[in-house]
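So the chains spell out like this:
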Amino acid sequence: VQGTGGSSALSKCSAAARGYFQDRFLRLLAGRRRRRAPLIHRGYYIRARAVDHCVQDFLLKTQSLSRTQILSLGAGFDSLYFRLKDMGLLHHTVVYEVDFPNVACQKATLIKGMKELSALVGDTGGEGLGAITFSGEDYKLLGVDLSELSELQRTLEEAGLNNEIPTLFIAEVVLTYMENTRSDALIQWAAEHFPQACFLVYEQVHPEDPFGRVMQQHFRQLSTALRSLAPYPDCEAQQRRFLGKGWTECSVMDMNEFFTCCVPEDEQQRVQTLEPFDEYEEWHLKCSHYFVLAASKGMEPSWTPLLPSVTVPHHAGPVGMAGSVPAAACARLSGVPGLRRYGHRSVLIKPNVILTTGGFGEEHGQHCRMRNFHVLSKRAGYWEAVSVTQNIPDKRWGERLYHTVSCLSDTLALVVGGRTSPSSAGLGMLWLKFPETCNASGPDDIAVELVSLQPAAEAAALRWRHSTTEMTFKGEQYLFVYGGRSALEPVLGDWYFLHTPELSCTVIAVEGAVPESRHSHSACSWEGGVLIAGGLGAAEQPLGSVFLLRELEHGFQWQTIETHPPLVPRYSHTAHVHEGKLLLVGGVWFHASSVPGITVIDLMTGLCLDYVINVEHLEWPLMLHNHSSVFLPNEKELLVIGGGGNCFSFGTHLNPEPVSLSLSSILISH
């Protein structure tokens, strides 16, 4: 548990070095330096932002009072005191920090040995007395185990803590490491002994969904199990916990809500453009698994730092589920190399033959961008892996992620766009050619050729997280390339009609209100046109709109498909159309009480039904984002291939084998 403080100080230090927030004291306290990934930077930014937001709100609300105090529980190597002191915010506030004795001693030694730190505190020489490892005029550092409540109370009294003045308690990922009876006792003790008090908590939530299971496993491996999660699995339970232990007011929000509602728009944009970033799914999942809580009692005026400055359409209450869909792992594909990947594409190249290309995954025990193609073939009712050789003239295949693959005939498929790194310019188009004599089990070799495009069509290819959909206009075949993002534009809303097979860029009139720009949406061919659903919009907010690009006499028209109840906004899902119904598979949404399963939208009536995926027969967490899926209409079977991603600092989770979803119960033919 003590080790967690050091590693979080290093992560905060790295985020500060990249400009996520200003803090010149972190590097002095963290000691060594380590460069972390952009996803980690964002995660620690939102943590620091939430705590600062609430602390500064407390100081602002109490600035007219003669004295206040802050008690930081399990403070570790945090720089809070030095930052506040440096900003001139501690005119009448004393800060008390408590941590394990050896952590407090290490920190005290650091402060004494560093001019920049000791000058700010102004040493009064009162340290070294028992548990008080450092004592300044407005800063006391105490070495006490928080779970020993009577010991804590004695030491705080000795250090001069005054029960009668307004006090802010801070517990930033601390309580969850304690036995629940002890953390509950601490919460209750604070309420009982301090007539005017506020309590700020930041920690984890939602243990049982796939991301939550990976998160729990990570902390168990570190021998720092998250104990609060079982009795208090969601924000509502945490709120009830405080209200039941003597606190009169309590508000709580997860970090997606905090970022959207309590961080000003210009600040959101600043953070989103600090460094190349393309891990939206994991960022939003991380944010839905952490909360900030502000409880108070006896405060006049009342302390409410978590009042949203903007109100967002919030989906209150759980998503109503119309039923469930059984999931079964494809046992024969267990351990087959090359199927653990994300950001790839899978496409049916002929009946019962699936080609998977690109993405990031696991090969020979290493994580890497995937160069190998993979073919699955169904024989006698079972999926089997078929080896395939690739005739690649050079590395122009480019190990790409987030591209699209469109099958134009039995012998030809087109790859459009994709990226290597998020700062790369995007990749062009490639032909994949399969031999004419391709047998039932699929091609044994695939030739890859670069497409030479006319300049007008080049921009269509320099994107990723877009869609490419087959469509017809006046009896001619076209590919419709829409949306996505590029190295320069975080979100695109443009489109191209490419006439096949020569891929000439054709101008076709489109009328109607243009859908807002998006990436990571889904697109399906339907009745000669294209259905676009969901996606991630300009402000990195999931979208819940469904559009049909419908053929008219002289061109096309954008038409909104109204869904009822309204579709819960989502992105990074896959989609298929079957007999007038749009099927959305998985994805990421902000609605933390459940994960997206299968949503069925009746395109005639707009009726929208959500089905949960029953994973009781799977032995591992099924992550349904950045996956690919193939629908087999005759069997009403949906095959999900790959999926997963980097789960914040908790390790990479890749779904180990394809999963078959039987949709026969929810797709009853009329």
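None of these values were measured; they are calculated from a predicted model.

In this fold, Thr260 is placed in helix α11 (residues 255-262). Residue Thr260 is classed as buried on the basis of its relative accessible area, which comes to 10%. For Thr260, the side chain forms a polar contact with the main-chain oxygen of Asn256, separated by 2.8 Å.

With that settled, the discussion passes to the layout of surface pockets. By volume, the largest pocket is sized at about 1,100 Å³. Looking at the largest pocket, it is lined by 35 residues, and the ones nearest its centre are Ser346, Ala523, Ala575, His576 and Ser629. Sorting the residues of the lining of the largest pocket by element identifies β11 (345-350), β18 (404-409), β22 (467-473), β27 (522-526), β31 (574-578) and β35 (628-632) as the ones contributing at least two each. Split by residue class, the lining of the largest pocket holds 12 nonpolar, 19 polar and four charged.

For the protein, the domain assignment lists domain 1 (3-297) and domain 2 (321-662). Computed over C-alpha atoms, the centres of domain 1 and domain 2 are 41 Å apart. Listed as interface residues are 31 residues of domain 1 and, on the opposing side, 35 residues of domain 2. With both chains or domains summed, domain 1 and domain 2 bury close to 2,800 Å², and 61% of this area falls on carbon and sulfur atoms. A per-residue breakdown of the area domain 1 buries against domain 2 is headed by Asp278, Tyr280 and Glu281, which together make up 23% of the total. On inspection of domain 1 and its partner domain 2, the count reaches five salt bridges. Asp278 is the partner of Arg419 in a salt bridge, and the nearest nitrogen-oxygen pair spans 2.6 Å. Linking domain 1 with domain 2 are 16 residue pairs in polar contact (both at pLDDT 80 or more). Counting only elements with at least two residues in the side of domain 1 that touches domain 2, the list comes to α3 (38-61), α9 (210-221), α11 and α13 (280-288). In terms of residues, the side of domain 1 that touches domain 2 owes the most to one element, α13, which gives eight residues. Within the side of domain 1 that touches domain 2, the residues separate by chemical class into 14 nonpolar, eight polar and nine charged.

Two numbers describe how α3 lies on helix α12 (residues 265-272): the axes approach to 11 Å, and their chain directions differ by 150°. It follows that α3 is roughly antiparallel to α12 by the angle criterion. The crossing of α3 and α12 is right-handed. On α12, the residues touching Arg42, Tyr45 and Arg49 of α3 are Glu267, Arg270, Val271 and Gln272. Taken together, the residues of the contact of α3 with α12 sort by class into two nonpolar, one polar and four charged.

For the rest of this paragraph, the subject is the pattern of salt bridges. Tallied over the full model, the rule gives 34 salt bridges. Notably, a salt bridge pairs Asp23 with Arg83, separated by 3.1 Å at the nearest N-O pair. With Asp23 in the loop between α1 (2-17) and α2 (26-30) and Arg83 in helix α4 (residues 80-86), this residue pair connects regions lying 60 residues apart in the sequence. The pair Asp23 / Arg83 is uniform in exposure class, with both members buried. Between Arg49 and Glu267 there is a salt bridge, with the nearest N and O atoms lying 3.4 Å from each other. Of this pair, Arg49 sits in helix α3 while Glu267 sits in helix α12, placing them 218 residues apart in sequence. Taking relative accessible area as the criterion, Glu267 reaches 13% and is therefore assigned buried. Look at the salt bridges and you will find they share partners, linking Asp278, Glu281, Arg419, Arg465 and Arg485 into a network.

Conventions adopted
- Residues numbered from 1 in each chain as written.
- Predicted model: local features only at pLDDT ≥ 70, side-chain atom pairs only at ≥ 80, totals over all residues.
- Heavy atoms only, no water.
- Helix = DSSP H or I, 4+ residues; strand = E, 2+ residues; numbered from the N terminus.
- Buried < 20%, exposed > 50% of the residue type's maximum accessible area, 1.4 Å probe, protein only.
- Polar contact = N/O pair within 3.5 Å; in protein donor to acceptor, adjacent residues only side chain to side chain.
- 1 Å grid on protein atoms, 1.4 Å probe; cavity = no way out; pocket = protein on both sides within 12 Å on 5 of 7 lines; lining within 4 Å.
- Points joined across faces, edges and corners; volume = space filled by probe spheres on them.
- Nonpolar A, V, L, I, M, F, W, Y, C, P; charged D, E, K, R; others polar.
- Domains from an automatic or database assignment.
- Contact = heavy atoms within 4.5 Å.
- Buried area = accessible area lost by both parts, 1.4 Å probe.
- Salt bridge = Lys/Arg side-chain N within 4 Å of Asp/Glu carboxyl O.
- Axes fitted to C-alpha atoms, helices over the stretch in contact; angles between N-to-C directions.
- Parallel < 35°, antiparallel > 145°, perpendicular 65-115°, else oblique.
- Left-handed = near helix turned anticlockwise from the far one by under 90°.

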